[in-house]
Amino acid sequence: MPIRGATLNHQLHKNGARLHLAMLTRIHSHGADGAPSNEEQALLDERNGLKAARAESQAKALLPRPKPAKLLRTTRAAPKAKAAKSDKPPKEAKPGKAAKPHASRSEKHAQKAAALDAARRATKKSAKT
């Protein structure tokens, strides 16, 4: 099972702190030119392995990921064609009512003007009355 990237960074950080402490202990006790101890060498090997695993994980993350298959749309069945209607004889037209006689537009305006004129004259009082 692959190790998570966040876990790798955390492990590298802890390993680096332990390695630094082991190196300081060796330098204080044996000097800077002394050979690394078994503990320090094990920590170095572990650190190199963690770095290699981190580099591999980062390289794997850059690779293209597999795409999911595209879903195929299903189409509905075409609706059934309706049966042709039988030819019926056309209906006979009923006799319509005769049109009512009506006044034209100009006749209506003339009637309105006459009514207004009559109303105006009717409201005036004559001088004799």
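Residues numbered from 1 in each chain as written. Predicted model: local features only at pLDDT ≥ 70, side-chain atom pairs only at ≥ 80, totals over all residues. Heavy atoms only, no water.

(A) Spatial organisation of the overall build of the protein. A tally of helices and strands in the protein yields three helices and zero strands. Going from the N terminus to the C terminus, the protein shows its helices and strands as α-α-α. For 129 residues, the compact-globule estimate of 2.2 N^0.38 gives 14 Å, and the C-alpha radius of gyration of the protein, at 54 Å, exceeds that figure by more than 25%. Taking the principal axes of its C-alpha atoms as reference, the protein extends roughly 150 × 70 × 15 Å. Here the protein holds 129 residues, and the buried ones make up 7% of them. (Helix = DSSP H or I, 4+ residues; strand = E, 2+ residues; numbered from the N terminus. Rg over C-alpha atoms; globule rule 2.2 N^0.38 Å. Buried < 20%, exposed > 50% of the residue type's maximum accessible area, 1.4 Å probe, protein only.)

(B) Inspection of the side chain of glutamate 40 at higher detail. Within the secondary structure, glutamate 40 is located in helix H2 (residues 38-62). When neighbours within four sequence positions are excluded, glutamate 40 is seen to be in contact with Leu19, Ala22, Met23 and Arg26. (Contact = heavy atoms within 4.5 Å.)

(C) Spotlight on the pattern of salt bridges. Considering all chains together, one arrives at four salt bridges under this definition. For glutamate 46, the salt bridge is made with arginine 18, and the minimal N-O distance between the two is 3.6 Å. Here arginine 18 lies in helix H1 (residues 5-30) and glutamate 46 lies in helix H2, a separation of 28 residues in the sequence. Here glutamate 46 falls in the partly exposed class, since its relative accessible area comes to 37%. On the basis of relative accessible area, arginine 18 is assigned to the partly exposed category, the value being 39%. Here the salt bridges do not stand alone but share partners, grouping Asp117, Arg120 and Arg121 into one network. (Salt bridge = Lys/Arg side-chain N within 4 Å of Asp/Glu carboxyl O.)

(D) Broad picture of a positive patch on the surface. Judged by side-chain charge, Lys82, Lys85, Lys88, Lys91 and Lys94 come together as a positively charged surface patch. Residue position: lysine 91 is located in the loop between H2 and helix H3 (105-123). Using a relative accessible area of 82% as the deciding quantity, one classes lysine 91 as exposed. (Patch = residues over 30% accessible without salt bridge, like charges linked within 9 Å, V, L, I, M, F, W, Y side chains within 5 Å. Areas by Shrake-Rupley, 256 points an atom, 1.4 Å probe, with all protein chains shown as cover. Lys, Arg positive; Asp, Glu negative; His and termini not counted. Charge placed at Lys NZ, Arg CZ, Asp CG, Glu CD.)

(E) Focus on the confidence of the model for the protein. Predicted confidence across the protein gives a mean pLDDT of 86, with 91% of residues reaching 70 or more. Across the protein, the secondary-structure element scoring lowest on mean pLDDT is H1, at 89, and the one scoring highest is H2, at 92. (pLDDT = per-residue confidence, 0-100.)

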